[in-house]
Amino acid sequence: MALPSHAQYVVIGGGIIGCSTAYHLARDHKADVVLLEQNKLTSGSTWHAAGLVGQLRSSASITQVLKYSVDLYKRLDDETGLATGWKMTGCLRLATNEDRWTEFKRLATTAQSFGMEMHLISPAEVKKMWPLMDVSDLVGASWLPTDGQASPSDIAQSLAKGARMHGAKIAEGCRVEGFDSAEGRITAIRTNQGTIACETVINCGGQWARQIGALAGVSVPLQPVKHQYVITEKVEGLAADAATLRDPDRRTYFKEEVGGLVFGGYEPDPIAWTTGDVPDDFEFQLFDDDWDHFEQHMGEALARVPALAQTGIKKMINGPESFTPDGNFILGAAPELKNFYVGAGFNAFGIASGGGAGWVLAEWAAKGEAPMDLWVVDIRRFSSLHKDRAWTCERTLEAYGKHYTVAYPNEEYQSGRPRIVSPLYGRLKSLNASFGSKLGWERPNWFAPGGTEPKDIPSMGRQNWFAAVGEEHKAVRERAGLFDQSSFAKFEMKGRGAAEALSYICANRVVRGPGKLTYTQMLNSRGGIECDLTVAQLAEDHFYIVTGTGFRTHDFAWIADHIPPRLDVSFTDVTEAWGTLSLMGPKARDILSAVTTADVSNAAFPFGAARVIEIAGTELRALRVTYVGELGWELHVPIAALGEVFDAVMAAGAPFGIAPAGYRAIESLRLEKAYRAWGSDITPNDTPFHAGLGWAVKLRSNEDFLGRKAVEEIIGRPLTKLLACFTTERDDVVLAGRETILRNGQFAGYLTSGGFGYTVNRPIGFGYVRSPSGLDEDYLLAGTYELVVANEVVKATLHLGALHDPSHGRVKS
């Protein structure tokens, strides 16, 4: 095919993701699409993928994406005439210990919450389904009957044919050599076959996506890792429809193939390929067999399926697969450019994801925003840290090694740490802080009592820090706590157009005059919540924006993308310029009064105010706001002076019983106060009116703002879900999110977050109660409720307001 001079969309990469994206752009959007493949279709990693297809994930949206893949693979051959090799064999996951069994019970509840069929079965039932298996060490297994397997190359070729049938063009042997850009947009792609002008670029380059992105100045943090599996000769007694098998405690997987078995695994000591560029001509190639490295899987496989000892090996496959630093794939709009999208880094489940990922990526590129909550895979979850290939490689290898380990709640990565520390790191370490990591920042999770090692001990039940966090929680409720939140992302917007820009982007009224602070959401075109943050107006033309650590890249890009182009605005990231101390608790005013001459009385410094005050000889920004439900201030301090200000506040607070506190205490405190968390309780799928945040939307004004039309339409009809708070009758229940909500014994939704409230002495969860025919608060209050927790039904109570309200001096129970 001769390369066209222009295309509306150019998809780079002819593996399953690229073919799926081109297919959906052509089919669903009737778009002018050209797909460029540097070698032959499927020649990168698609052709040697194992082809297992599972659907259940911890995210409802990603589960929906994977379910879409299965639905597409079932029917694609009817459309294109090319079979996909789809077999709905079902999948068995084996548990050999109680922690794994608890994990499976939680997953069974998640499956119920997400509308998927999953059963927990006994070793005897497993043996009946898979007679060749040794089940002597099993506690049980999970059974997902709608999972299966497929032929990766056949799916990709079928998608490519479907794309052509809908008008897409595919150029093989066409290697991208560079990009032309202007005003933050790609205008053309330079290839070995000539230059093609385009309006939108979608990088689905697989293991080459990293270097393709680099040509455009886009960071794609993935790492090729060597992954091995073997294909056996015929196994006597193996059924052709044998279920695919995952044996995570032995780190192995199996699937039937032409009477034999394919088996491989995810070892704790994986081997990276290269942190440099992948050779362009690595086409239909593999690495040399590495039997020494594979031996660990061979031993485990023989123990699980003894018949393998009498079965020959046809061949080993040792090929590169792209993995990411957090084990989730990469989708979405690159923050560096306005028209560059990425779909890559699929962590060896690109075949399971391929159909659905291509669908949502096509929607994203065509409409300019994600069609659903895809935060867990959004490329904007990364930061400049991830441009460091050596760091990314180290963290990615750790993530690979965790592929089959038990997913303990609150588990932290250990590699590449400490990377970014606040000036208080040494002081907090001396106070026995146990640190976690968020976007590279070391942050105190909790403080261990004297004589106790500040280290998390993994557990599926209450963890070793439970009592220590309770003491921090109590200090904040009764006295005062001091939190180092220097990792907060902080932005400044200045200029004559700043007020107008933020008025358009923010759902709440943020232009209130200098010295005023506003909590606001930023909405997408569906009225869903894209950002949840605070805006302080420091001057008529100067605004200070504070958001969560992990949302730094996402929120900055969202704001930058939506500033009306005609406005005179300067927008900058000032995160590293300011440290943040959060002084919270009923004694916070007494302590603050002792270190500043500023008037911090309620009359002079009311809630929602922003003032410049002086502490320890340093002028800083004090914001009267709280995320823990107590009197308090965020003190934003020039970073060089943070240590001196911390010392002064701690010294002044000593007579009042001040205590250092960490992020685990923040979580329990915010749950009692019913503060929402973005990414769990509120997401791009949820509007403020569903989330009980309608009071923060300026519909009574005449101001236009992003998402206004959508929320006006939503409130004009019955709401189909509402966020509510739940407590359990039993106080020993561990809530982690995704537990099923039962209303009058029937499915009514699932929890979005969960934890423990030490003041109310109860487990607390938040979740949306749903009713397709509409609901209101009376409907919520009229029901009786239970939660399904790790497959066990427990009695629960629904609450509409905060469980703790210090302004009224009461605690609900």
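The rules behind each value
- All chains use their own residue numbering, which begins from 1 and follows the written sequence.
- In keeping with the model being predicted, local features are shown solely for residues with a pLDDT of at least 70 and side-chain atom pairs are shown and tallied solely at 80 or more, while totals for entire chains, interfaces and linings include all residues.
- Heavy atoms throughout the structure, all of them, feed into the side-chain values; hydrogens and water do not.
- Fitting a line to C-alpha atoms yields each axis, with helices limited to the stretch in contact; the angle taken between N-to-C directions then spans 0 to 180 degrees.
- The numbering of helices and of strands both runs from the N terminus, where a helix is a DSSP run of H or I of at least 4 residues and a strand a run of E of at least 2.
- For classification purposes, angles smaller than 35 degrees are called roughly parallel, those larger than 145 roughly antiparallel, those between 65 and 115 roughly perpendicular, and all remaining angles oblique.
- Left-handed describes a crossing in which the near helix is turned anticlockwise from the far one by less than a right angle; the clockwise case is right-handed.
- Only heavy atoms enter the contact rule, under which two residues are in contact if any of them lie within 4.5 Å.
- For this analysis, a salt bridge means a side-chain nitrogen from Lys or Arg found within 4 Å of a carboxyl oxygen belonging to Asp or Glu.
- Each residue's exposure class comes from its accessible area (1.4 Å probe, protein chains only) as a fraction of the maximum for that residue type: buried when under 20%, exposed when over 50%, partly exposed otherwise.
- For this classification, Asp, Glu, Lys and Arg are treated as charged, while Ala, Val, Leu, Ile, Met, Phe, Trp, Tyr, Cys and Pro are nonpolar and the rest, including Gly, are polar.
- Here, nonpolar core refers to any group of buried Ala, Val, Leu, Ile, Met, Phe, Trp, Tyr and Cys residues whose side-chain atoms link them within 4.5 Å.
- Strands are treated as partners if at least two bridges between them are detected by DSSP.
- Between rings of Phe, Tyr and Trp, where Trp is taken as its six-membered ring, a pair exists when centres lie within 6.5 Å; planes separated by under 30 degrees are stacked, by over 60 edge-to-face, and by other angles tilted.
- The criterion for a charge sitting over a ring is simple: Lys NZ or Arg CZ within 6 Å of the ring centre, and within 35 degrees of the ring normal.

Concerning the packing of helix α1 (residues 16-29) against helix α5 (residues 152-165)
A pair of packed helices can be characterised by two numbers: the angle between their axes and the separation between those axes. Contact pair α1 / α5: the axes reach a minimum separation of 8 Å and the direction vectors enclose 25°. Relative to α5, the element α1 lies roughly parallel. α1 and α5 meet at a crossing whose hand is left-handed. Between α1, through Ile16, Cys19, Ser20, Ala22, Tyr23 and Ala26, and α5, the contact on the second element is made entirely by Ile155, Ala156, Leu159, Ala160, Gly162 and Ala163.

Considerations on the pattern of salt bridges
In this structure the tally under the stated criterion is 40 salt bridges. One salt bridge in this structure joins arginine 566 and glutamate 500, with 2.6 Å as the shortest N-O distance. Within this pair, whereas arginine 566 is found in the loop between α13 (552-562) and β27 (570-573), its partner glutamate 500 is found in helix α12 (residues 498-505), the two being separated by 66 residues in sequence. Given the relative accessible area of 62%, arginine 566 is considered exposed.

Comments concerning the packing of helix α14 (residues 588-595) against helix α15 (residues 642-653)
Taken N-terminus to C-terminus, the directions of α14 and α15 make an angle of 120°; their axes are 9 Å apart at the nearest point. Taken together, the axes of α14 and α15 lie oblique to each other. Considering the relative orientation of α14 and α15, their crossing is right-handed. Mapping the contact onto sequence places Ile591, Ala594 and Val595 in α14 and Ala648, Val649, Ala652 and Gly653 in α15. Here the contact of α14 with α15 is composed, by residue class, of six nonpolar, one polar and no charged.

Considering the side chain of serine 219
Relative to the helices and strands, serine 219 is located in the loop between α6 (209-215) and β12 (223-232). Apart from the residues lying within four places of it in its own chain, the contact partners of serine 219 are Glu336, Ile379, His386 and Lys387.

Here we look at the nonpolar core
Ranked by internal contacts, the top residues of the largest apolar core, which has 53 residues, are Ile202, Leu331 and Leu374. Within the residue set of this core, elements represented by two or more residues are β1 (6-12), α1, β2 (33-37), α2 (60-80), α5, β18 (330-333) and α8 (350-367). Per-element accounting of this core gives the leading share, nine residues, to α8. Setting aside residues up to four positions removed in sequence, leucine 374 forms contacts with Ser61, Ile62, Val65, Val360 and Trp364.

Some words on the sheet that holds strand β24 (residues 516-523)
Pairing is antiparallel in the open sheet, where five strands are placed in the order β24-β25-β26-β23-β27. Both edges of this open sheet fall to β24 and β27, since each of them pairs with a single strand only. Averaged over neighbouring strand pairs, the angle between their axes works out to 25° when direction is ignored. For β24 and strand β25 (residues 529-539), the ladder comprises eight bridges, and the chain directions are antiparallel. Looking across to β25, one finds that lysine 516 is bridged to glutamine 537.

Description of the environment of leucine 428
You can see leucine 428 is positioned in helix α10 (residues 425-430). With 56 residues separating them in the primary sequence, leucine 428 and aspartate 484 have C-alpha atoms 8.9 Å apart. Residues contacting leucine 428, with those up to four places away along its chain left out, are Ala433, Phe435, Pro444, Phe447, Asp484 and Phe646.

Overview of the sheet that holds strand β28 (residues 578-584)
Strand order in the open sheet made by the six strands is β29-β30-β31-β28-β22-β32, with mixed pairing throughout. Two strands lie at the open edges of the sheet, namely β29 (610-615) and β32 (659-660), each paired on one side alone.

Focus on the pairing of strand β33 (residues 721-728)
Counted residue by residue, β33 has eight buried out of eight residues, so it is predominantly covered. What you see with β33 is no split at all: Lys721, Leu723, Cys725 and Thr727 on one side and Leu722, Ala724, Phe726 and Thr728 on the other are buried throughout. Note that β33 and strand β38 (residues 792-799) share four bridges and pair antiparallel. Counted as the bridge partner of threonine 727 is threonine 797 from β38.

Thoughts on the packing of aromatic side chains
Taken as a whole and assessed by the stated rule, the structure comprises 33 aromatic pairs. Ring centres of tyrosine 519 and tryptophan 695 lie 6.0 Å apart, and the angle between their planes is 35°; on these two criteria the pair is classed as tilted. Of this pair, tyrosine 519 sits in strand β24 while tryptophan 695 is found in the loop between α16 (663-672) and α17 (708-715), placing the two residues 176 residues apart along the sequence. The partly exposed category is assigned to tyrosine 519, whose relative accessible area is 26%. Taking relative accessible area as the criterion, tryptophan 695 reaches 59% and is therefore assigned exposed. Here the aromatic cluster, defined as three or more aromatic residues joined through ring pairs, consists of Trp130, Phe254, Phe263, Trp291 and Phe294. Geometry around phenylalanine 605 places arginine 611 over its ring, the cationic atom sitting 5.4 Å from the centre.

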